[in-house]
Amino acid sequence: MSVIATVPPHVPFLDEIAARWMVGVEDDPQHSGDGLILLPSRRAARALTEAFLRRADGRPLLLPRIAPLGGLDEVGLALSGDMALDLPPAVEPLRRLATLALLVLKAGGAFGEVLSLDQAWPLARALAELMDDAEWAECDLAETLPLAADGDFAEHWRETLRFLSIVTGVWPAWLAEQGVMNPAARQVALLRAQAARWRVAPDVGSRLWAVGFTDAVPCVRDVLDAVLGRAEGRLVLPWVDLSLDEAVWAALPDGHPQAGLARLLTGLGRGRADLAVWEGAADVPRSCPAARGGVLARALLPAAALGDWLRDEGPVALDGLSVLRAADQQEEAAAIALVLRQAIVTPGRRAALVTPDRALAGRVAVELARWNVVADDSAGEPLHATPPAVFLRLLARAAAGGLSPVALLSLLKHPLAACGLAPGACRASARLLERALLRGPAPRPGFEGLRDRLESARDDAQGALADRPDAPEDLAGFVDRLERCLEPVLRLWSADARPVADLLTGLIEAAEALAATDEASGEDRLWAGEDGNALGRHLAALVAFCDVLPAQPGRVLEGVLTASMGGVSVRSRRGLRGRSEAVLHPRIFIWGLMEARLQSVETMVLGGLVEAVWPPATDPGPWMSRPMRARVGLPSPERAIGQAAHDFVACACAAGEIVLSVPGRRDGAPTVPARWLVRLDAFLAGRGQALPAHAALAWLARLDRPAEAPRPVAPPRPCPPVAMRPRDLTITEIETWMRDPYAIHARHVLGLRRLKEIEEPADAADYGTIVHAALDRWCRLPGARGGEAGLRALFAEALAEARLRPALAAWWAPRLERIASWVVATEAARAGGEGAEIVLTRTEQSGRAVLSDLPGGPFVLRGRADRIDRDAAGALLLVDYKTGTLPTRKTVLAGWSSQLVLEAAMAERGAFGPELAGPTRELAYWRLTGGPEAGQILPLAEGDALAALVDSVWESLRALIATYDDPAQPYLSHPHPAESPRFADYARLARVAEWSAARDEAAP
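In short, a report on the structure. Residue positions are given per chain, counting from 1 as you read along its sequence in written order. Since the coordinates come from a predicted model, pLDDT governs what is reported: local features require at least 70, and pairs of side-chain atoms require 80 or more to be given and counted, while whole-chain, interface and lining totals use all residues. As a rule here, side-chain values come from all non-hydrogen atoms in the structure, and water together with hydrogens is ignored.

## Section: the overall build of the chain
Secondary structure summary: the chain contains 38 helices and 22 strands in total. In this treatment the radius of gyration is a C-alpha quantity, and the globule benchmark scales as 2.2 Å times the residue count to the 0.38 power. Taking 30 Å as the expected radius of gyration for a compact globule of 1004 residues, we find that the chain reaches 38 Å, considerably beyond that expectation. Each principal axis of the C-alpha atoms in the chain carries an extent, and together these give about 125 × 70 × 65 Å. A total of 1004 residues make up the chain; the buried ones form 51% of that total. Throughout, the Shrake-Rupley method with a 1.4 Å probe supplies accessible areas, and for residues the shown protein chains are the sole cover considered. Accessible surface for the chain amounts to roughly 44600 Å². Of this, 54% is attributable to carbon and sulfur atoms. Residues counted as positive are Lys and Arg, residues counted as negative are Asp and Glu, and His and the chain ends are not counted. The atom standing in for a charge is NZ when the residue is Lys, CZ when it is Arg, CG when it is Asp and CD when it is Glu. Charge centroids of the chain, computed over 108 positive and 127 negative side chains, lie 2 Å from each other. Numbered from the N terminus, helices here are DSSP runs of H or I no shorter than four residues, and strands are runs of E no shorter than two. Burial here depends on accessible area, computed with a 1.4 Å probe over protein chains only, as a share of the maximum for the residue type. Under 20% is buried, over 50% is exposed, and the range in between is partly exposed.

## With respect to the nonpolar core
Joining through side-chain atoms within 4.5 Å is the link that ties buried Ala, Val, Leu, Ile, Met, Phe, Trp, Tyr and Cys residues into a set, and such a set is a nonpolar core. Trp 121, Phe 391 and Met 624 are the most contacted members of the largest nonpolar core, which totals 104 residues. Ranked by residue count, the leading element in this core is helix H5 (residues 117–136), at 11 residues. In what follows, a contact means two residues having at least one pair of non-hydrogen atoms within 4.5 Å. Contact partners of Trp 121, with chain neighbours within four places excluded, come to Leu 94, Leu 97, Ala 98, Ala 101, Leu 542, Cys 546, Leu 549, Val 560, Ala 563 and Ser 564. Formed by 80 residues, the second largest nonpolar core is a distinct cluster that contains Leu 268, Cys 288, Ala 299 and Trp 614.

## Some points on the packing of aromatic side chains
By convention, a stacked pair of Phe, Tyr or Trp rings (six-membered ring in the case of Trp) has centres within 6.5 Å and planes under 30 degrees apart, an edge-to-face pair has planes over 60 apart, and any other such pair is tilted. With the rule as written, the count across this model stands at 14 aromatic pairs. Centroid distance Trp 171 to Trp 174: 4.8 Å. Interplanar angle 15 degrees. Geometry classified as stacked. Here Trp 171 pairs with Trp 174, and both are found in helix H7 (residues 155–178), just 3 residues apart, close to one helical turn. Each of the two residues, Trp 171 as well as Trp 174, counts as buried. Only Lys NZ and Arg CZ are tested; either one counts as a charge over a ring when it is within 6 Å of the ring centre and within 35 degrees of the ring normal. For the cation-ring pair, Arg 207 lies above Trp 21, with the distance from its terminal atom to the ring centre recorded as 3.7 Å. Its guanidinium or amino end placed over the ring of Trp 371, Arg 370 lies 5.9 Å from that ring's centre, counting from NZ or CZ.

## Quick look at the side chain of Glu 16
Relative to the elements of secondary structure, Glu 16 occurs in helix H1 (residues 13–23). Two N or O atoms count as a polar contact when they lie within 3.5 Å, although within protein this holds only if one can serve as hydrogen donor and the other as acceptor, and sequence-adjacent residues are included solely when both atoms are side-chain atoms. At 2.7 Å, the side chain of Glu 16 forms a polar contact with the side chain of Arg 20. The residues contacting Glu 16, other than those within four sequence positions of it, are Val 7, Val 11, Trp 278, Gly 280, Ala 281 and Val 284.

## A word on empty space enclosed by the protein
Of the two site types, the cavity is a set of points on a 1 Å grid over the protein atoms alone where a 1.4 Å probe fits but cannot get out, and the pocket is an open set with protein on both sides within 12 Å along at least five of seven lines, each lined by residues with an atom within 4 Å of a point. Grid points are joined across faces, edges and corners, and a volume is the space filled by probe spheres set on the points. Considering all chains together, one arrives at 2 cavities of 30 Å³ or more under this definition. In this structure, the largest cavity spans a volume of roughly 60 Å³. Looking at the largest cavity, the residues that line it are Thr 214, Asp 215, Asp 254, Pro 257, Gly 260, Leu 261, Arg 263, Arg 639, Gly 642, Gln 643 and His 646. Ranked by the residues each element gives to the lining of the largest cavity, the list is headed by helix H27 (residues 638–652), at 4 residues. In this classification, Asp, Glu, Lys and Arg are treated as charged, Ala, Val, Leu, Ile, Met, Phe, Trp, Tyr, Cys and Pro as nonpolar, and every other residue, Gly included, as polar. A per-class count over the lining of the largest cavity returns 2 nonpolar, 5 polar and 4 charged. Roughly 30 Å³ of internal volume is contained in the second largest cavity. Pro 289, Ala 291, Arg 292, Ala 317, Leu 318 and Asp 319 are the residues that line the second largest cavity.

## As for the sheet that holds strand S4 (residues 208–211)
Consider a sheet: its strands pair through backbone hydrogen bonds, and that pairing is either parallel or antiparallel. Any two strands are treated as partners once DSSP identifies two or more bridges connecting them. Read from one edge to the other, the open sheet built from 6 strands follows the order S3-S2-S4-S5-S1-S6, with strand pairing classed as parallel. Edge positions in the sheet fall to strand S3 (65–68) and strand S6 (276–277), since each has one partner strand and no second. Bridge analysis of S4 against strand S5 (residues 233–237) gives 4 bridges, and the strand direction is parallel. Note on S5: the bridge partner recorded for Trp 209 is Arg 234. On top of the sheet, H1 reaches strand S2 (36–39), S4 and S5; it is set at about 170 degrees to S4, its chief contact. Structural elements are reduced to axes, namely lines fitted to C-alpha atoms, with helices fitted over the stretch in contact, and the angle between N-to-C directions of any two is expressed from 0 to 180 degrees. Along the sheet, helix H2 (residues 42–56) makes contact with S2 and S3, crossing S3 at roughly 155 degrees.

## A word on the layout of surface pockets
In this structure, the second largest pocket occupies an estimated 2500 Å³ of space. In this structure, the second largest pocket is lined by 50 residues; those nearest its centre are Thr 732, Glu 735, Thr 736, Lys 882 and Phe 983. Looking at the lining of the second largest pocket, the elements that each hand over two or more residues are helix H30 (731–739), helix H31 (741–749), helix H32 (764–780), strand S19 (859–871), strand S20 (876–882) and helix H36 (899–908). Among the residues making up the lining of the second largest pocket, the classes are represented as 15 nonpolar, 15 polar and 20 charged.

## Regarding H31
Within H31, 7 of the 9 residues are buried, which leaves the element mostly enclosed by the surrounding structure. In the core, the buried residues of H31 are packed alongside strand S17 (728–730), H30 and helix H37 (943–964).

## A word on the pattern of salt bridges
Salt bridges are defined by distance alone: a side-chain nitrogen of Lys or Arg within 4 Å of a carboxyl oxygen of Asp or Glu. With the rule as written, the count across this model stands at 49 salt bridges. Note that Glu 801 and Arg 777 form a salt bridge whose closest N and O atoms lie 2.7 Å from each other. One end of the pair, Glu 801, is in helix H33 (residues 787–801); the other, Arg 777, is in helix H32, and 24 residues separate them in sequence. Each of Glu 138, Arg 192, Arg 199, Asp 222 and Asp 225 takes part in one network of salt bridges that share partners.

What follows is the structure, encoded as structure tokens:
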């Protein structure tokens, strides 16, 4: 007689199934193989096999047929008999998506502007999912769609439905013409056929069990009903809450953990009274305390039944439950790794992390590697995140971006990049290319831009890398090699639009050429392993089925690749990449929700318990709103919440020790804890209880703490020998020497230079360069110099030579015109003002002065003056152009900003040549911003005060040099905090942030 049963939450479900099956044959291993057990997934089928093996405890055993109902097909199972041979094959997934994408592209403005394939593909995927939902729900969209947007719906929904009505007419005709079926429709037909076959086939008494189902679409319910119609049919469900009031049970919302089971029983025409309760065989150990399921059931009662909380306000048992409230994702991962590591200290104890967050799973796997523990992450990884897929996406991005520095370096530093060289040599060449050509402002797009810079940078960094074990190739040779590798894809990208298959073929050819080493072909490296094979099959299908699509520009290919791989997973394991399966720890597991269903261990961590992760965000998709889905008979998105809630409760009862983990922040933003955790906290708070905090965060706080008390870092005090100290500095470096002596040590003694940023944007320094260049050219012109129009033309010329991005050039152009007007007006005022006539003007003059009679020997001071004028009396007027912040008169007179004063001292000593030698009559800063006040003059001291200031600064310089000629004088970092530079190139090297904080705390 058929039986429908449920297993309480504290009983390990699959172990109970294996035990009951073996009891049915009196533990006879020769008869245990008679019969068939159906499960909802392949992972559950594998787990049941392991449960039988545990039951056998090493004895030989004949296993029954264990089949996943979700993987039904006539090749693997042949369950549905001859009827399966009459069904057309299922359409290939990529063929379906490509055809649907074509329909979306042809739809025009039915639902916004979809201009390219990378925009259409996600919509095609959503459309395929909508069709699958309708097939599984056995909902006829052609009949129900016209009613979906009646009433007060926005007009764009009606436009969308008009497009969907075309699809419901065109798509079935296309399927019939091609002789294929939708995959979901074919599965429905197979399941219906199997149910019909079991109903008419002779009942010979062979056992047929269906176990582990928590919800079911109509066709699956049909199969389960057919199972119950067999004499030896059994339907065994996970825990069904028998304590719920019948009225509450009948009205459970879709988001409740028991909602799916309620729908399943109702669909089968059964009630909870029909259920037998399998309390657990005597030799099956309990997975958790028996009271835990009841606690969780009460905490998660639907809103209509929350009055039950007041029925009994006494404390509840929390044995084995704890919570981990981490600050962020990284702290959460490190703490979970500690929980898993601590659990396996006990011999035979198994531990698992269950989470739908694949990023958290990856972080935990990395943290476990600290103890050389490799976890079995059986959920696999998304295809688009595997190394070969990332490599192809980076290649498409680099080609579409014109080989921009960031995109090109991301490609060349990928482990698969080799360019026909040894991988180490390729990476060394990429580093050389970065240092020599790609830092600073971005070069022009393509290889032309790289070669523009090649001549001026050919020797840059070559010597620094050439003596390494993996010596780089000559820059010119490496650029040529790289161009040959990328030629197949760049050739296609240069066209406006090409067939998608041609774009993919060119991308594949370039990827294979780029992945080749000096010992292995690109094909062998790119398509090896599970992830490489999966990607190869995916691309082969994509090339074959994209022939129906219109030509596309190359820039869309990265988006198409990523979109086409959406939802596709690979069974590869990141932790095993490059290693044997033998290194897997046998007692630590990382499971997704599907993998964790029906399984049990001794310690389980439920990770990532935040809204939009677990439970997932409910999205009805771009094609229909929630009310529209309800009108056409599609299931509500909230059913996914109900399944996630059931997974939460089932997992929380699947181990004796349960740790509930929630991060406070995720991706930098505050999180909202999962609704079930919030509900559980509220339930316990009403009883004066709270979930105990797990000790893992305290362990983590001590994990990397040094044995002794922390000591603040001392400021650096380098004292190099006098012979190594610089004897040749520029005027600008004198100011740095005074404000931050350590920077002089780092640059001139250690020989360190700050690297420019990659794709460094134009900034105020570039603006100053343009202003200086134009004024230099203007001042060199004879006579009237073309007036304001001439200066404006020179500013425009300098701006064009800078090759700035158009937006920035447009922003600066009017500012430069205002500067031109101000300079011309200022020159006219100077010419008509008091003082001797200006008879000579020189700009951008380089000078050199030697200071003698110093303890360490002669010292050379170099400088470049922006502008030096000489009047008819032989006196000099020095002008310094500033496009940024002006130094204050106070800092100049105090000697902290001595650049212009030192130029005057050098001029008095003939450092700029005989025609510019003599006393200085005037020093002035010209602030040229081009803003509302285009320019401003800051005059310094005049007459005797100026002469005294020049002499004082020169003597201060001699004293500074003499001070550092003392071997005991250290080069301190920021010795005068009030006068420290705003931007210091060597602050990180000097660890200023560390010791300055300690200094500030110690200050009174």
